[in-house]
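Examination of the molecular architecture
In case you want the letters, here they are:
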Amino acid sequence: SIMFLEKITWKQAEGYFKEKDIAIIPVGSTENHGSQLCLGTDFLIPRRLCEMMDERLNILIAPTVPFGVGDQHINFPISIGYDGLYDLMTRIVDQLYGFGIRKFVFLNGHGGNTPVLQRVALELDERHAMGAILNWWLLAGELDPRWKGGHGGGEETAAILGIDPSLVDQSEVAGPMKLHDVSDTLKATGFTSIEY
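My aim in this report is to walk through the structure given alongside it, one point at a time. Quick caveat, the model's predicted, so the values are computed rather than measured.

**Some details on the environment of Glu123**
Summarising the element assignment, Glu123 is placed in helix 4 (residues 114-126). Looking at Glu123, the relative accessible area reads 25%, which means it is partly exposed. Between the alpha carbons of Glu123 and Thr90 there is a distance of 9.2 Å; along the sequence they are 33 residues apart.

Spelled out as C-alpha cells, the structure:
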C-alpha cells in the first residue's frame, strides 16, 4: 500500500526502511496562479498525484513541502528562496538518507524549484544515491501537447478542478492562454519556451 510518512508509526517506518530504499518527496510552492487558482496549486497537485498512485507501488511518501522558490512572483508568494529550499531539501534528504533511502523521487509542482532540486540530485549522485525530478506539468504536455502550458495555465486549472472545483474561481477563468512572440522568428510555445 502507499505509505504516507505522516500516517504511519515509527515502527512501521522502521520496517519500511529495512526493506526498501526509495521515497517520494512532493514539493511545490504557495503563490498566486493567475486570478482563478488557489495559492496552494503547486503543492496540492503533487500531493493529489501521490494519493492517486497505484497501491502496488508500496513506496514511502514524505510529507508535502508547501513552500518553494517564488521570488519572481510579485502578487502573493510565500517564498523561502533558493537558499531556504536548498537548506530544507538537503536536511530532509540527509535525514532520509540516514534511514537508508538511496533513491529519491522529487515530485515537483513548481518550476522555480527545479534548480534547487537539480543541485540536490547532483549531490546525491556524489553520495552514490539517486535523485529523480518529475515535473508533472511537463509530463502532462508530453502526454498531450494540448496541455502544454505553464503557470496558471490550462493544465493547472484542469488539475485543480479535478481535485476540488471550489478551489477555482470560475468568474476569473479566461479564454485560451495568450503567448507573446519574442520576434517574427522567435515564436513563443509556452511561457518560458520558444520555437527556434
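From this point, the discussion proceeds with the structure in view.
**Side note on helix 4**
Counted at 1.5 Å a residue, the expected span for helix 4 with its 13 residues is 18 Å, and the 19 Å between its end C-alpha atoms agrees. Looking at the buried positions of helix 4, the neighbouring elements they touch are strand 2 (22-27), helix 3 (81-98), strand 4 (103-108) and strand 5 (130-135). Where helix 4 ends, the next residue or the one after it, His128, has phi of about 60 degrees, a positive value.

**A word on the sheet that holds strand 4**
With respect to topology, 5 strands assemble into an open sheet ordered 1-3-2-4-5, the strand pairing being parallel. Because the sheet does not close on itself, it has two edges, and the strands there are strand 1 (3-4) and strand 5. Across 2 bridges, the pairing between strand 1 and strand 3 (residues 60-61) is parallel. Note that in strand 3 the partner of Met3 across the bridge is Leu60.

**Points about unusual backbone geometry**
Even without being glycine, Asn58 reaches a positive phi, approximately 50 degrees. Judged by relative accessible area, Asn58 falls into the partly exposed class, the value being 24%. One non-glycine residue with positive phi stands out, namely His128, at about 60 degrees. Within the element layout of this structure, His128 appears in the loop between helix 4 and strand 5. A relative accessible area of 74% places His128 in the exposed class.

**Overview of helix 6 (residues 154-163)**
All of the buried residues in helix 6 are Glu155, Glu156, Thr157, Ala159 and Ile160. Looking at the buried positions of helix 6, the neighbouring elements they touch are helix 2 (41-52) and helix 5 (136-143).

**Overview of the environment of Gln36**
Within the secondary structure, Gln36 is located in the loop between strand 2 and helix 2. Spatially, the C-alpha atom of Gln36 lies 5.4 Å from that of Val168, the residues being 132 residues apart in sequence. One polar contact links Gln36 to Thr157, side chain to side chain, over a distance of 3.0 Å.

**Quick look at the side chain of Asp42**
Positionally, Asp42 belongs in helix 2. Arg47 is the oppositely charged side chain nearest to the buried, salt-bridge-free Asp42, at an N-O distance of 15 Å. A polar side-chain atom of Asp42 sits 3.1 Å from a polar atom in the side chain of His110. Residue contacts for Asp42: discarding those within four places in its chain leaves Val27, Gly28, Ser29, Glu31, His33, Gly109, His110 and Glu156.

**So, the pattern of salt bridges**
Under the definition given, this model contains 7 salt bridges. In this structure, Arg47 engages Glu6 in a salt bridge whose closest nitrogen and oxygen atoms are separated by 2.7 Å. Here Glu6 lies in the loop between strand 1 and helix 1 (10-19) and Arg47 lies in helix 2, a separation of 41 residues in the sequence. Using a relative accessible area of 40% as the deciding quantity, one classes Glu6 as partly exposed. For Glu51, the salt bridge goes to Arg47, with nearest N and O atoms at 3.2 Å. In this pair, Glu51 and Arg47 are both assigned in helix 2, 4 residues apart and thus about one turn of the helix distant. Taking relative accessible area as the criterion, Glu51 reaches 37% and is therefore assigned partly exposed. Residue classification places Arg47 among the buried positions, given a relative accessible area of 16%. Each of the salt bridges in this network shares a partner with another, and the network as a whole consists of Glu6, Arg47, Arg48 and Glu51.

Cut-offs used in this document
- Residues numbered from 1 in each chain as written.
- Predicted model: local features only at pLDDT ≥ 70, side-chain atom pairs only at ≥ 80, totals over all residues.
- Heavy atoms only, no water.
- Helix = DSSP H or I, 4+ residues; strand = E, 2+ residues; numbered from the N terminus.
- Buried < 20%, exposed > 50% of the residue type's maximum accessible area, 1.4 Å probe, protein only.
- Expected span 1.5 Å × (residues − 1).
- Contact = heavy atoms within 4.5 Å.
- Pairing = 2+ DSSP bridges.
- Polar contact = N/O pair within 3.5 Å; in protein donor to acceptor, adjacent residues only side chain to side chain.
- Lys, Arg positive; Asp, Glu negative; His and termini not counted.
- Salt bridge = Lys/Arg side-chain N within 4 Å of Asp/Glu carboxyl O.

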